[in-house]
Amino acid sequence: GDITIFEQQLSKMVRWLASFKLPTYVVHGNHETASDLLRECERHINLHFVHGQIIEHKTGKKNNEMCTVVGWGGGGFSNKDKMFEKFVEVNKKELATKKNLVLVTHAPPANTILDESYYDNHHYGCISFTDFVKSNKNVKLLVCGHFHENKGKQGLLGSARIINPGPAGMVVEL
C-alpha cells in the first residue's frame, strides 16, 4: 500500500513493480483506491492484488512447498479492523489448515517496532493484526507499510517475522 502519493503516477508505479518479473502481492494503502490499484495490477501477469484474498504460492523450495498469502489493504488509522476480523472469522477453518501463512497488510500490527511513531514514541498499529498473528502460530511473515518513517525496520511478533520493506523493497526467503 501507499505505492503512490494519492494515486499520482499510479500506472507508472505499477509498471515499475511489474518490471521485476517476480510474483508480487499488492494491497492498497490509504493513498490508493482498491478499485484503481486492482485495475492496474490486472494488466500484469506477475502482480496479484490480494486484498481480502487467500492465495496459494509455490515457494520454489524443494518438495514443492507452498505458502499462503493473505492480503488486507487500506485503512491504517484505527486500532481495530472489524472487517478484517470478520474476514478471519469467515475463513477460520481454511486458514487453520495452512502451515506457512504470509500476511500482507497496509497497516502495521500494534505494539511492535513497525507501529511506533517517530514523533511521539506511541504505538498506532492495528491490534486486529497483532491478535491474528499471536493466535496463529502458522503465520511466518507479516509484511506491512503505512508508517513511512519505519521503512526498512523488521522484528518479531511471537514467532513471526514482521517487516516494513519501505520503498526500497526487500527480497524475503521463507
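Residues numbered from 1 in each chain as written. Predicted model: local features only at pLDDT ≥ 70, side-chain atom pairs only at ≥ 80, totals over all residues. Heavy atoms only, no water.

Enquirer: Describe the side chain of S128, with residues and values.
Expert: Take S128: it is sitting in helix α5 (residues 127-135). Every residue in contact with S128, bar those within four places of it in the chain, is listed here: N79, K80, D81, F84 and E85. (Helix = DSSP H or I, 4+ residues; strand = E, 2+ residues; numbered from the N terminus. Contact = heavy atoms within 4.5 Å.)

Enquirer: Could you give an account of the sheet that holds strand β7 (residues 154-157), with specific residues and numbers?
Expert: Across a sheet, paired strands are connected by hydrogen bonds in the backbone, their directions being either parallel or antiparallel. Read from one edge of the open sheet, six strands run β3-β4-β5-β6-β8-β7, paired in mixed fashion. On the outer flanks of this sheet lie β3 (54-58) and β7, each paired with one strand and no other. Geometrically, the sheet is characterised by an average inter-axis angle of 25 degrees between neighbouring strands, direction not taken into account. Pairing of β3 with strand β4 (residues 66-72) involves five bridges; the strand directions are antiparallel. Following the sheet pairing, K58 is matched in β4 by M66. With respect to the sheet, helix α3 (residues 82-90) is in contact with β3, β4 and β5 (101-105), its orientation differing from that of β4 by roughly 145 degrees. The strands touched by α5 are β4, β5, β6 (139-143), β7 and β8 (160-163); relative to β5, the strand with the most contacts, the crossing angle is about 175 degrees. (Pairing = 2+ DSSP bridges. Axes fitted to C-alpha atoms, helices over the stretch in contact; angles between N-to-C directions.)

Enquirer: Residues and numbers for the pattern of salt bridges, please.
Expert: Under the criterion given, the structure shown has seven salt bridges. The salt bridge involving E40 is made with R43; its shortest N-O contact spans 3.1 Å. Take E40: its relative accessible area is 5%, and that puts it in the buried class. A relative accessible area of 55% means that R43 is categorised as exposed. One salt-bridge network, held together by shared partners, links D36, R39, E40 and R43. (Salt bridge = Lys/Arg side-chain N within 4 Å of Asp/Glu carboxyl O. Buried < 20%, exposed > 50% of the residue type's maximum accessible area, 1.4 Å probe, protein only.)

Enquirer: An account of helix α2 (residues 34-41) is requested, with residue identities and associated values reported.
Expert: Those residues of α2 that fall on the buried side of the exposure criterion are D36, L37, E40 and C41. Down the axis of α2, the smallest arc covering the buried residues is 130 degrees, so these residues share one side. Elements that come into contact with the buried residues of α2 comprise α1 (10-18), β1 (24-26) and β2 (47-49). (Arc of directions from axis to C-beta.)

Enquirer: Explain the packing of aromatic side chains residue by residue, including any values.
Expert: The tally for this structure, following the rule as stated, stands at six aromatic pairs. Here W72 and F84 contribute two aromatic rings whose centre-to-centre distance is 5.6 Å and whose plane-to-plane angle is 65 degrees, an arrangement assigned as edge-to-face. Here F84 lies in helix α3 and W72 lies in strand β4, a separation of 12 residues in the sequence. Note on accessibility: W72 and F84 belong to one class, buried. Ring geometry for W72 versus F87: centroids 5.3 Å apart, planes at 40 degrees, classification tilted. Separated by 15 residues along the polypeptide, W72 in strand β4 and F87 in helix α3 bring together distant segments of the chain. We note that W72, like F87, is buried. (Phe/Tyr/Trp six-rings, centres within 6.5 Å; stacked < 30°, edge-to-face > 60°.)

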